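# Report on the structure
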Amino acid sequence: PAVIRRADYAPYPWRVPAIRLDFDLGLETTRVEATLTVEPNLDADAAEDIRLDGDGLVLESVHVDGEERTDWRRDGEALIVPLSSGKHTLTIVTRILPSENTQLMGLYASNGMLCTQCEAEGFRRITFFPDRPDVLSVYTVRMEADREAFPVLLSNGNPVEEGLLDGGRHFAEWHDPWPKPSYLFALVAGDLVARTDSFTTMGGREVALGVWVREEDLPRTSHAMESIKRSMNWDEETFGREYDLDRFNIVAVGDFNMGAMENKGLNIFNTKYVLADQETATDADFDAVEGVIGHEYFHNWSGNRITCRDWFQLSLKEGFTVLRDQLFSEDMHGAAVKRIGDVRVLRSVQFPEDSGPFAHPIRPDSYKEISNFYTATVYNKGAEVIRMMRSMAGIEAFRKGSDLYFDRHDGEAATCEDFVKAMEDGAGLDLTQFRRWYEQAGTPQVTAEQRHDGDTVTLVLKQVVPPTPGQPDKAPVPIPLRIALFDREKGEHAGEQLIVLTEAEQEFTFEGFAKPPILSINRGYTAPIALDRDISREDLVFLAAHDDDSFARHEAMQELLLGYLLGDADDEARAAIGTAAQAVLADDALDNEMRAELLTLPPFAYLGERSKIYDPGAMVEKREGLRAWLGHEFAGQFRDYHERLTNLAREEGAQGKQARRMRSLALGYIAAADEAEGARLGLAQYRAAAGMTERQGALAVLAGLDGTEREEALADFYARFADNPLVVDKWFTLQAMALRPNVLDEVGKLAGHEAFTISNPNRVRSLYGAMSGNPVAFHQESGAGYRMIADLILELNMRNPQLAARFVPSLGRWRRVEPGRSAMMRAELERIAAAGTLSRDVAEQVEASLG
Ligand code: B3K
Ligand code: ZN
């Protein structure tokens, strides 16, 4: 496939100020009449043709200014129509086949309804159009359909008209006054019902809110509705952003490639991020619904009012919007646990990407298939980069910068550079060197050493940005680090400060320390770096027990755990973990959620990332061995927590949620030390569960054990929830995640289960996504796990390329794994590469992985 480069950007020669779309909707076939008003773009070079993108369309006719034209030509999938300069009306009729659309891009069918997904390049699967984000048009959409099959007809903006037609048909017309790029177009037609409510904006606009679902799901929509109102309110208070239409609708769809989509005024969501009640959703699910609803809603300003000039600028909207949703969730539920969770994801997903074959800067320089760049780098590292600006500017100055950005670029298709410039001008930062964060891939590796002389402490910091594919040489980046120096006598520090490391090597001195202080660094995780600090085990134990920054406290605990898991199996290292764990278990000032966080072992993916070359089998054994040891050492205390929190765990509110978290964590340790006891208590927790958090928490532990308790709970769970697809997904996931020797055989059997289907992305992810993250399954010594994933990629390759491509990076990590497994992983990639026609998505990922 062809390489598209950022440096080649040129504006489109035409403007399309308005488009009218007339849909004659049907599941099997849909007719689309598109009427485009076009005129020369005076900011671009003139063209004698107009070139429109297309993909899989059946073209029926082309008219220009009312005259039928036959002098058009095709260039691959594109349509080229000769056009004299000046203003014209272009009318194009196409036909599409929604039921056959297995890619779930463009207009497709899901459970008898019709819906769209256009980002990044799906609109060209609906009609011929300049399908690029810098062409902004006002959309008017008229939909006609059978009234019984499709009683509800929705599109972007505000409703204009609706009515009955002959033959049991009806129509609806919608108009969106805000010019938008084609990727934000949306349409939904189906048998849906809505939970409705309203929100009055700070400017006094009354907005009608709707959450549209299938009738049986209506009871599970109140949390989504509350989340919309909280998001709208938060964006007004925190960023001064007000909603700008009379309607805001969300629709839940069962078949969806990703989480959700921010289409203007009509967000389309994966059911997973809408539906929630106590019975079927965990506390984490509730938080995810709220976070994703916030994310998509916040896009209305960071994405829709100001969109991207081209797809290389994707992080302009995604990085910023992820930061906005993270801050929203921090404000709703407390920053400490949220920050720890966000950094855990960064380290276990983005760090491996940044050190692997697909490493790319948050603003990539080239791509073959843009869908491959909706990555943790663009999203999560992108958010971290903007968070660093916020840390350096301070909250108030950052707000001035964002105000200026929104004000200056409203209505435009902007670039990352525009954002950085607005931050410089508005927040008063000099970001000259900081721009390297946009240019360079790779996680900066920082080392911190301390020298002590008289009363003076010198902190010596060094940074290296490692080479990545296509970028052999890197320059230092500015790294803001919030630090505190603990006086080791008093056990306190005299205040935090922010230092910024800008050089490859730099010294910072601090006076007034008779003894070397204990260094707490990168507090709150101010910079997305990997840090090695020269610190004793005793000092880490001190910080794990006493640091007043929750993140730093958690970090100290993680460093103790990593030191043991990645080093020699060292009794002293383990004893230090025990001392810190004891302090955490006994600390009454901690809430139970934070306590559980502190006692959570580092994710397997992060352990792999921190090792040069690793043996997955040995790594799992060591990690689970440590879990068993901790479970054994603190058996009494874990049992005590499990017992004591029983009633609190049945309560609503923050304390109930915290208790549930600690209770299930304790159960995991109990089972690790004593399987029979774990099975007994697990089944008891399962049976008595008042909601899904306790039920899933128990089942996750039981699923990893052997015996009748496991079988009973799994069978009960399936029978109880067989008619709820999202819960059946959990049932697949819990089994595929189990660290049992025969788990891969079970995954194989589950793939043949009546409830398994390859055509639903959630179901595929629930089984194979979980399996590919389970080291016992994926890294099975025979290589059968690798083969299973490669077979899956080949099966999905043409049917759903986006979904297929998401499974490639797991195999792409072959360079980091011990030689025996490494060769088998690579061989599977080669088998895919040799397998004939590959989709652009899979081809690009596989080529990079073999690279
Ligand atoms: N903007 C969409 C992602 C679209 C992905 C297309 N392959 C969801 C989001 O980030 O909010
Ligand atoms: Zn987004």
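Residues numbered from 1 in each chain as written. Chains lettered and ligands numbered in written order. Predicted model: local features only at pLDDT ≥ 70, side-chain atom pairs only at ≥ 80, totals over all residues.

## Side note on the overall build of the chain
Assigned secondary structure in the chain consists of 28 helices and 32 strands. Compactness check: the chain gives a C-alpha radius of gyration of 28 Å against a globular reference of 29 Å for 851 residues, within 12% of the reference. Dimensions of the chain along its principal axes, counting C-alpha atoms only, are 85 × 60 × 60 Å. If you take every contact in the chain between residues at least 6 apart in sequence, the share linking residues at least 24 apart comes to 68%. (Helix = DSSP H or I, 4+ residues; strand = E, 2+ residues; numbered from the N terminus. Rg over C-alpha atoms; globule rule 2.2 N^0.38 Å. Contact = placed C-beta atoms within 7 Å.)

## Quick notes on the nonpolar core
Counting residues in hydrophobic clusters, the biggest one holds 243 residues, and the most contacted among them are V188, V251 and L560. With ten residues, the top contributor of residues to this core is helix 5 (residues 376-393). Beyond its immediate sequence surroundings of up to four residues, V188 is in contact with M113, L114, C115, L154, V251, L266 and I268. (Core = buried A, V, L, I, M, F, W, Y, C linked by C-beta atoms within 7 Å. Buried ≥ 20, exposed ≤ 12 C-beta atoms within 10 Å, placed from the backbone.)

## Side note on the packing of helix 14 (residues 616-633) against helix 16 (residues 653-673)
Their axes nearest at 7 Å, the elements helix 14 and helix 16 cross at an angle of 100 degrees. Between helix 14 and helix 16, the interaxial angle falls into the category roughly perpendicular. Contacts from E624, R627, A628, L630, G631 and H632 of helix 14 reach helix 16 at Y669, I670, A672 and A673. In terms of residue class, the contact of helix 14 with helix 16 is built from six nonpolar, two polar and two charged. (Axes fitted to C-alpha atoms, helices over the stretch in contact; angles between N-to-C directions. Parallel < 35°, antiparallel > 145°, perpendicular 65-115°, else oblique. Nonpolar A, V, L, I, M, F, W, Y, C, P; charged D, E, K, R; others polar.)

## A look at the environment of G617
In this structure, G617 sits in helix 14. As a C-alpha pair, G617 and G190 span 427 residues in sequence and 49 Å in three-dimensional space. Look past the residues within four positions of G617 in its chain and what remains in contact with it is H779 and E781.

## Observations regarding the sheet that holds strand 14 (residues 158-165)
Here we have eight strands laid out as an open sheet, ordered 6-5-9-3-2-12-15-14, and mixed in their pairing. Looking at which strands have only one partner, the edges of the open sheet turn out to be strand 6 (67-68) and strand 14. Taken together, the nine bridges between strand 12 (residues 137-146) and strand 15 (residues 169-180) define a ladder with antiparallel strand orientation. Paired with A145 across the bridge in strand 15 is H170. (Pairing = 2+ DSSP bridges.)

## Concerning unusual backbone geometry
Following E119, the chain continues to A120 via a peptide bond in cis, the omega torsion being 0 degrees. Looking at the secondary structure, you find A120 in the loop between strand 11 (113-117) and strand 12.

## Examining the domain arrangement of the chain
How large an interface is tends to be reported as the accessible area lost when its parts come together. Looking at the chain, the domain boundaries give domain 1 (4-191), domain 2 (307-439) and domain 3 (445-534). Taking the mean C-alpha position of each, domain 1 and domain 2 sit 31 Å from one another. Taken together, the contact between domain 1 and domain 2 spans eleven residues of the former and 13 residues of the latter. In terms of residue class, the side of domain 1 that touches domain 2 is built from seven nonpolar, no polar and four charged. (Domains from an automatic or database assignment.)

## Points about the environment of D640
Inspection of the secondary structure assignment puts D640 in helix 15 (residues 635-644). C-alpha of D640 to C-alpha of I479: the two residues are 161 residues apart in sequence and 44 Å apart in space.

## What about the sheet that holds strand 13 (residues 152-155)?
Judged by pairing direction, the sheet is antiparallel, and its four strands sit side by side in the order 10-11-16-13 without closing on themselves. Edge strands, defined here as strands with exactly one partner in the open sheet, are strand 10 (106-110) and strand 13. The mean inter-strand angle of the sheet, taken between neighbouring strand axes irrespective of direction, is 20 degrees. In terms of strand pairing, strand 13 meets strand 16 (residues 187-190) through four bridges, oriented antiparallel. If you follow S155 over to strand 16, its bridge partner there is L187.

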